[in-house]
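A look at the structure
What follows is each chain in one-letter form.
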Amino acid sequence: MIHDPQTLNIAHYQFLGGPLGAALPDLSETFAKHSKGDALGNKSARPALRQIPLSQFDHVQTTGQLCRRLFGQLRRVNNR
């Protein structure tokens, strides 16, 4: 979610994923690294965290569009 820093209104969303029901893209090789290095300056991988470039996310303008990406087109149910 990206917001306007002045008003704190939601500007748009960033979505990582494919079509409804599809698996996430492969993230197995995108380990984040520790921010501080060891005595030799080596920064080890953090296997529980992933670093994903913003370019891999889709721009989604509205909450409604985000809901359709997540759950598909909602159907109206007639309660009589």
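Presented here is an overview of the structure given in this document. Keep in mind it's a predicted model, so treat the numbers as computed, not measured. (Residues numbered from 1 in each chain as written. Predicted model: local features only at pLDDT ≥ 70, side-chain atom pairs only at ≥ 80, totals over all residues. Heavy atoms only, no water.)

**A few points about the overall build of the protein**
Each helix and strand in the protein was counted, giving 1 helix and 5 strands. For the protein, the sequential pattern of α-helices and β-strands runs β-β-β-β-β-α. For 80 residues, the compact-globule estimate of 2.2 N^0.38 gives 12 Å, and the C-alpha radius of gyration of the protein, at 19 Å, exceeds that figure by more than 25%. Along the first, second and third principal axes, the C-alpha atoms of the protein reach 70 × 35 × 25 Å. By the burial criterion, 11% of the 80 residues in the protein qualify as buried. Sequence separation of at least 24 residues holds for 40% of the intrachain contacts in the protein that already meet a minimum separation of 6. Counting every atom, the protein has about 7,000 Å² of accessible surface; 54% of that belongs to carbon and sulfur. (Helix = DSSP H or I, 4+ residues; strand = E, 2+ residues; numbered from the N terminus. Rg over C-alpha atoms; globule rule 2.2 N^0.38 Å. Buried < 20%, exposed > 50% of the residue type's maximum accessible area, 1.4 Å probe, protein only. Contact = heavy atoms within 4.5 Å. Areas by Shrake-Rupley, 256 points an atom, 1.4 Å probe, with all protein chains shown as cover.)

**Description of the pattern of salt bridges**
Using the criterion set out here, one finds 1 salt bridge in the structure. Here Arg69 makes a salt bridge to Asp58, at a shortest N to O gap of 2.9 Å. Placement of the pair is Arg69 in helix α1 (residues 63-71) and Asp58 in strand β5 (residues 58-60), with a sequence separation of 11 residues. On the basis of relative accessibility, which here comes to 29%, the residue Arg69 falls in the partly exposed class. According to the relative accessible area criterion, Asp58 is partly exposed, its value standing at 32%. (Salt bridge = Lys/Arg side-chain N within 4 Å of Asp/Glu carboxyl O.)

**With respect to the environment of Pro25**
Tracing the backbone shows Pro25 in the loop between β2 (10-15) and β3 (31-33). Classification of Pro25 as partly exposed rests on a relative accessible area of 37%. On a C-alpha basis, the gap between Pro25 and Gln56 in space is 9.4 Å, while along the polypeptide they are 31 residues apart. Here Pro25 is in contact with Leu16 and Gly17, once residues within four sequence places are set aside.

**Brief notes about the sheet that holds β5**
Reading across the sheet, the 3 strands line up as β1-β2-β5 and stay open at both edges, with antiparallel pairing between neighbours. Edge positions in the open sheet fall to β1 (2-3) and β5, since each of these has one partner strand only. When β1 meets β2, the two strands line up antiparallel, connected through 2 bridges. Looking across to β2, one finds that Ile2 is bridged to His12. Its contacts with the sheet put α1 on β2 and β5, and the angle it makes with β2 is roughly 20°. (Pairing = 2+ DSSP bridges. Axes fitted to C-alpha atoms, helices over the stretch in contact; angles between N-to-C directions.)

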